[in-house]
Structures are given as structure tokens and as C-alpha cells.
Amino acid sequence: MIVEAASATACEPSDEREVTARTLPQILGKWWVAFAASALFVVCGHLLIKAGLNGLAPLPADIGFAARVLHPVFDLQVVMGLCIYLMGTVCWMRAVSQKEISFLYPLSSINFVLIAAASMVLLQEVISIRRIGGIALVVLGMFLMNKKAGSGGA
Amino acid sequence: MNPKVMIWISVALSAIAQIFLKNGLTKVQSRNGGGRSVTRLAHGIVSEKFIWLWGLCFVAAMGLWLSGLQKLDLSYAYPLVSVGYVLVTILSLVFFQERVDRRRWLAVAVISLGVTLIAGS
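Structure report, in brief. (Residues numbered from 1 in each chain as written. Chains lettered and ligands numbered in written order. Predicted model: local features only at pLDDT ≥ 70, side-chain atom pairs only at ≥ 80, totals over all residues. Heavy atoms only, no water.)

## Some thoughts on the packing of helix α1 (residues 3-32) of chain B against helix α5 (residues 83-95) of chain B
For any two helices packed against each other, the geometry comes down to the angle between their axes and how far apart the axes lie.
Residue and element names in this part refer to chain B.
So, step 1. Two numbers describe how α1 lies on α5: the axes approach to 9 Å, and their chain directions differ by 40°. With respect to each other, α1 and α5 are oriented oblique. Relative to α5, the crossing made by α1 is right-handed. Taken together, the residues of α5 that come into contact with α1 (itself represented by Trp8, Val11, Ala12, Ala15, Ile16, Gln18 and Ile19) are Val83, Gly84, Leu87, Val88, Leu91 and Ser92. (Axes fitted to C-alpha atoms, helices over the stretch in contact; angles between N-to-C directions. Helix = DSSP H or I, 4+ residues; strand = E, 2+ residues; numbered from the N terminus. Parallel < 35°, antiparallel > 145°, perpendicular 65-115°, else oblique. Left-handed = near helix turned anticlockwise from the far one by under 90°. Contact = heavy atoms within 4.5 Å.)

## Brief notes about the interface of chain A and chain B
Interfaces are often sized by the accessible area lost when the parts come together.
So, step 1. With 50 residues of chain A in contact, the opposing surface of chain B contributes 45 residues.
So, step 2. For the pair chain A and chain B, the two sides together bury roughly 4,200 Å², of which 72% comes from carbon and sulfur.
So, step 3. Considering only the surface of chain A that becomes buried against chain B, Tyr105(A), Arg131(A) and Met145(A) emerge as the three largest contributors, covering 16% of it.
So, step 4. The shortest N-O distance in the salt bridge between Arg131(A) and Asp73(B) comes to 3.3 Å.
So, step 5. Taken together, chain A and chain B are joined by nine residue pairs in polar contact (both at pLDDT 80 or more).
So, step 6. Among the secondary structure elements, those contributing two or more residues to the side of chain A that touches chain B are α3 (31-54), α4 (65-70), α5 (76-96), α6 (101-107), α7 (110-122) and α8 (129-151) of chain A.
So, step 7. At 14 residues, the largest contribution of residues to the side of chain A that touches chain B is made by α8(A).
So, step 8. Tallied by class, the residues present in the side of chain A that touches chain B amount to 31 nonpolar, twelve polar and seven charged. (Buried area = accessible area lost by both parts, 1.4 Å probe. Salt bridge = Lys/Arg side-chain N within 4 Å of Asp/Glu carboxyl O. Polar contact = N/O pair within 3.5 Å; in protein donor to acceptor, adjacent residues only side chain to side chain. Nonpolar A, V, L, I, M, F, W, Y, C, P; charged D, E, K, R; others polar.)

## Here we look at the nonpolar core
So, step 1. In this structure, Trp54(B) and Ile111(B) are the most contacted members of the largest nonpolar core, which totals 68 residues.
So, step 2. The contact partners of Trp54(B), leaving out residues within four places of it in the chain, are Thr89(A), Met93(A), Ala17(B), Phe20(B) and Leu21(B). (Core = buried A, V, L, I, M, F, W, Y, C linked by side-chain atoms within 4.5 Å. Buried < 20%, exposed > 50% of the residue type's maximum accessible area, 1.4 Å probe, protein only.)

## Focus: α1(B)
Helical geometry note: an α-helix holds 3.6 residues per turn, so side chains three or four residues apart project in the same direction.
So, step 1. Look at α1(B): 42 Å from first C-alpha to last across 30 residues, which is about the 44 Å you get at 1.5 Å a residue.
So, step 2. Between the side-chain oxygen of the N-cap and the backbone nitrogen of Lys4(B) there are 2.8 Å, and the N-cap of α1(B) in question is Asn2(B). (Expected span 1.5 Å × (residues − 1).)

## Observations regarding the side chain of Glu125(A)
So, step 1. Examined against the element boundaries, Glu125(A) turns out to sit in the loop between α7 and α8.
So, step 2. Of the buried charged residues, Glu125(A) lacks a salt bridge, with Arg131(A) as the closest side chain of opposite charge at 4.7 Å.
So, step 3. In this view, Glu125(A) contacts Lys50(A), Ser119(A), Met120(A), Asp73(B), Leu74(B) and Ser75(B); residues no more than four positions away in its chain are not counted. (Lys, Arg positive; Asp, Glu negative; His and termini not counted.)

Here it is in C-alpha cells:
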């Protein structure tokens, strides 16, 4: 009797919570939320990675390939950027499990535009007209893919 | 190794990794049968060899990417990731027998042209 009563009161609040408050998996259970979060994390992560790489001390010329590849992994900014980027990858995996890659890939072209704009403004990179044209063509090409995938046949 | 070569190899590895990931997750999902247990899902992911292959390619691609990116502009290297879309289209055709129509091939051509412009910028 006592056990029954205890389990009844224990169940009630958790039932209520499921109606009012959403858990993280539920929020990321909407493909567009998972996708938007992945775009945000991928862009911010990459900016932080590149900022960290820009600040690395130059290595001596005679150093080996493995040491050269491992060198960036010991920089705090690069590691933080990688962690944010990995969070983006987890969100991307959530999106991919709900929608087809051929549908999501074109939408992710927003990352190219955001990264180019942010590199120019925040990292002071000089972007030529040729590079802008190339990025525009890439985005156009990806939306050509999307139109087909979205209409399902034409 | 030339930083540009590192970026190209990294991009190719990433595309192959996507195919492994899609294959692995599809297998895990079909075996899981839409169950909601997190531990069962985690076990399914960890015991799927395609997920491990994805991880391996992912780590190798990341190492090459970081080394290459050190010497190149982010606005130069990052758009080259889009070569992945061209590769994924071809790999999907080969491994998943996905139908690739004329519009899709046109899109692949436009992306390739864009990448050529960026690579020469």
C-alpha cells in the first residue's frame, strides 16, 4: 500500500514535466532546430580554430610531419574551437538521422556565406571578387540540388 | 606536405566519412526498431563498425585540416569543403544506388566551377 502510494506521487510530477518542459533530445528532435544549432556551432567553432591557428608560434623547418600535425591540438583556442565544432557535428548527426543528406547538404551552404563574411570582418582576411564569385556559384549549385530533392521530381 | 594538398585530402576523407556515417546510423536505427532507450542506442552506435570507420576518417581529416588551415585563409579553405558534395553525389550513386538526374549533374558542374574559382583565388 505504502509503496503504491509512493510510486503514484513519484510518477505524477514527472508526467507533468513532460507536458510543460522539453528535454534537449526533444528540442533537437525537430530537424530544423538541430540543423540551425549545427550551423551556429560549426561557424563559431571554425572562427575560433582559425583564430587559435593564427596565434601559434612558427615551428622550426626541420620538425617532423607528425609533430607538425599534432602541434595545433595543444592550443587552448584551437581545442575550444574543436569542441564547439564537435557540438555542431553532434547536432548535424541529429539532423541527418531525421532528414536525408541530399536535403540537408544544400541548406548547409549558409555556412560558407557566414564563414566568408566573418573571416573578412573578424579575421581581417582579404576576399577577392573571384573568391566571392566562387562561393556564390557553390551556393547556387547546392540550391539546384535542393530544388530537385524538395520537389521530388520534375 | 603542401597545405593545399592537405586540405584536398582532408575534404575527400570527410566525404567518405559521411557515407560511412549515413550507412552506420541507418543500420543502428533499423536494428533499434525506433526504441527510446538511450543506453541501447549508445550500445548500437558503439558496436557498429561503420560508425568507427567514420570516426577514423573524421580524425584523420581533422588533423590534416588543422595543419593545412594554419597556412591558408579560412575564407579560402572552408568553401573547398563543397568538393565533398560532388564526391558524396558520386559515392551515393555507387554505394546507395541513388538516382542522379540531369539537374543534379548540372548542380555538380556549377559547384565544381565555383570550387575551381576559389582554388585559383
